[in-house]
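Architecture at a glance
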Amino acid sequence: MVLLLMGKMELPKRIIPTKLVKDFKRKSRSKRNIVVAIILALLLFSFYYFILRDLPLPTKLSSSSNPQSTLIYDRNGKLLYNIYDKKNQSFIPLSSIPKYMQEATIAIEDKDFYQHGAVDFRGIARAAFSIIFHRQIQGGSTLTQQLVKNSLLTQEQTILRKIKEVILAFATEIVYSKSQVLEMYLNQTPYGGTSYGVEAAAEAYFGKHAKDLNLAESALLAGLPQAPTQFSPFGAHPEEGKDRQIEVLQAMQNEGYITKAQEQKAEKEDLQYKKFANDIKAPHFVLYIKDLLIAKYG
């Protein structure tokens, strides 16, 4: 009977103390946390070193932070001479830029400018679709991104530069309103050669102030930033500049900024371009004033 009972009995299993199990799990979690902390620290350090360390401030976009041309006028307000280093650039308020110029720029460069944020994710998707399936190059950058790229960053095509561009675009729209962004874009974007900003461009191409630009002239200038040399009316293929102007006018009509009749009239308008000349008007007076400015301001 005892043997039978003993035959049915199970031998006791080896019992691992609960404290040892808890200590083992605690140490494992601790090691994992240390590894995760090290990885996060390395990622944060890399993000700072390669992206944030030399990232310029968006406040540098304001007109007060950028050099401008020195303009010498006569007593009647006629421009005699324009002094500048590398950029011919004169800042003017948005109120002095024709509505046509503002609308032409938005229509051809960023039609949903006032609807999306700093980055237009739908625009990026459209651009990717166009490139992949239609083999057509289409930009996905917003006006804010273009402003940041042209004024704060380089033109290099790298992932790091694009990340910086996106970060700065978001920061820019936190600091500035949409109207301020548009004003800075129109004052700082390159329009070909040494002409930066719509005021310098209006003077260089048409010999007039930006406030005096008409619809046809505004459409021509608005089309230049994408490829200033290719679309320049003074370049090797001025017909490409005309085609680009027509494209801008069609975009304006599609967005409801102008009527079909206005589009067709502007397309047919014969633009009068400024004739280039290197002469200085009133040279003795201009050089005298220039010497006075150098003596006082360096």
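Structure shown above.
The text that follows walks through the structure, step by step, so that each part is easy to find. Here the structure is a predicted model, which is why all the values come from computation and not from measurement.

Moving on: the nonpolar core. Ranked by internal contacts, the top residues of the largest apolar core, which has 48 residues, are Met-101, Leu-186, Tyr-191, Val-198, Leu-213, Leu-221 and Met-252. Among residues more than four places away in sequence, those in contact with Met-252 are Tyr-100, Glu-103, Ala-104, Ala-107, Leu-215, Tyr-257 and Ile-258.

The next subject is a nonpolar patch on the surface. Together, Val-35, Val-36, Ile-39, Leu-40 and Leu-43 give the surface a local cluster of nonpolar side chains, amounting to about 450 Å² of exposed area. Relative to the helices and strands, Ile-39 resides in helix H2 (residues 18–52). Its relative accessible area of 45% is what places Ile-39 among the partly exposed residues.

Moving on to the pairing of strand E1 (residues 70–73). A regular strand carries its side chains on alternate faces of the sheet. Where E1 lies against strand E2 (residues 79–83), four bridges are found, and the strand directions are antiparallel. Residue pairing across strands places Ile-72 opposite Tyr-81, the latter belonging to E2. Between E1 and E2, which pair antiparallel and follow one another directly, the connecting turn spans five residues, one of which, Gly-77, has a positive phi of 85 degrees.

Our next topic: the packing of aromatic side chains. The way to describe two aromatic rings as a pair is by their centre distance and the angle between their planes. Going through the model one piece at a time under the given rule, you end up with four aromatic pairs. Between Phe-113 and Tyr-114, the ring centres sit 4.9 Å apart and the planes meet at 70 degrees, which makes this aromatic pair edge-to-face. Classification of Phe-113 by relative accessible area gives buried; the value is 0%. Given a relative accessible area of 42%, Tyr-114 falls into the partly exposed group. Through a chain of ring-to-ring contacts, three or more aromatic side chains come together here, namely Tyr-205, Phe-206, Phe-234 and Tyr-273. The ring of Tyr-196 carries Lys-87 above its face, with NZ or CZ at 4.7 Å from the centroid. A cation sits over an aromatic face here: Lys-178 above Phe-113, 4.5 Å from the ring centre.

Now for helix H6 (residues 159–175). Between its terminal C-alpha atoms H6 stretches 25 Å, which fits the 24 Å expected from 17 residues at 1.5 Å a residue. Turning to H6, its buried residues number three or more, namely Arg-161, Lys-164, Glu-165, Leu-168, Ala-169 and Thr-172. Buried residues along H6 cover an arc of 140 degrees about the axis, so they all sit on one side. Residues of H6 that are exposed and point over 90 degrees away from its buried face: Ile-159 and Ile-174.

Now for the pattern of salt bridges. According to the stated counting rule, one finds ten salt bridges in the structure shown. Where Glu-203 meets Lys-274, a salt bridge forms, and the shortest distance between an N and an O atom there is 2.9 Å. Within this pair, whereas Glu-203 is found in helix H8 (residues 198–206), its partner Lys-274 is found in the loop between helix H12 (260–268) and helix H13 (283–297), the two being separated by 71 residues in sequence. The class for Glu-203 is partly exposed, based on a relative accessible area of 23%. Among the residues examined, Lys-274 registers a relative accessible area of 32% and is labelled partly exposed. A cluster of three or more residues bridged by salt bridges with shared partners is formed by Glu-109, Arg-244 and Glu-247.

Criteria and cut-off values
- Residues numbered from 1 in each chain as written.
- Predicted model: local features only at pLDDT ≥ 70, side-chain atom pairs only at ≥ 80, totals over all residues.
- Heavy atoms only, no water.
- Core = buried A, V, L, I, M, F, W, Y, C linked by side-chain atoms within 4.5 Å.
- Buried < 20%, exposed > 50% of the residue type's maximum accessible area, 1.4 Å probe, protein only.
- Contact = heavy atoms within 4.5 Å.
- Patch = residues over 30% accessible without salt bridge, like charges linked within 9 Å, V, L, I, M, F, W, Y side chains within 5 Å.
- Areas by Shrake-Rupley, 256 points an atom, 1.4 Å probe, with all protein chains shown as cover.
- Salt bridge = Lys/Arg side-chain N within 4 Å of Asp/Glu carboxyl O.
- Helix = DSSP H or I, 4+ residues; strand = E, 2+ residues; numbered from the N terminus.
- Pairing = 2+ DSSP bridges.
- Phe/Tyr/Trp six-rings, centres within 6.5 Å; stacked < 30°, edge-to-face > 60°.
- Lys NZ or Arg CZ within 6 Å of the ring centre and 35° of its normal.
- Expected span 1.5 Å × (residues − 1).
- Arc of directions from axis to C-beta.

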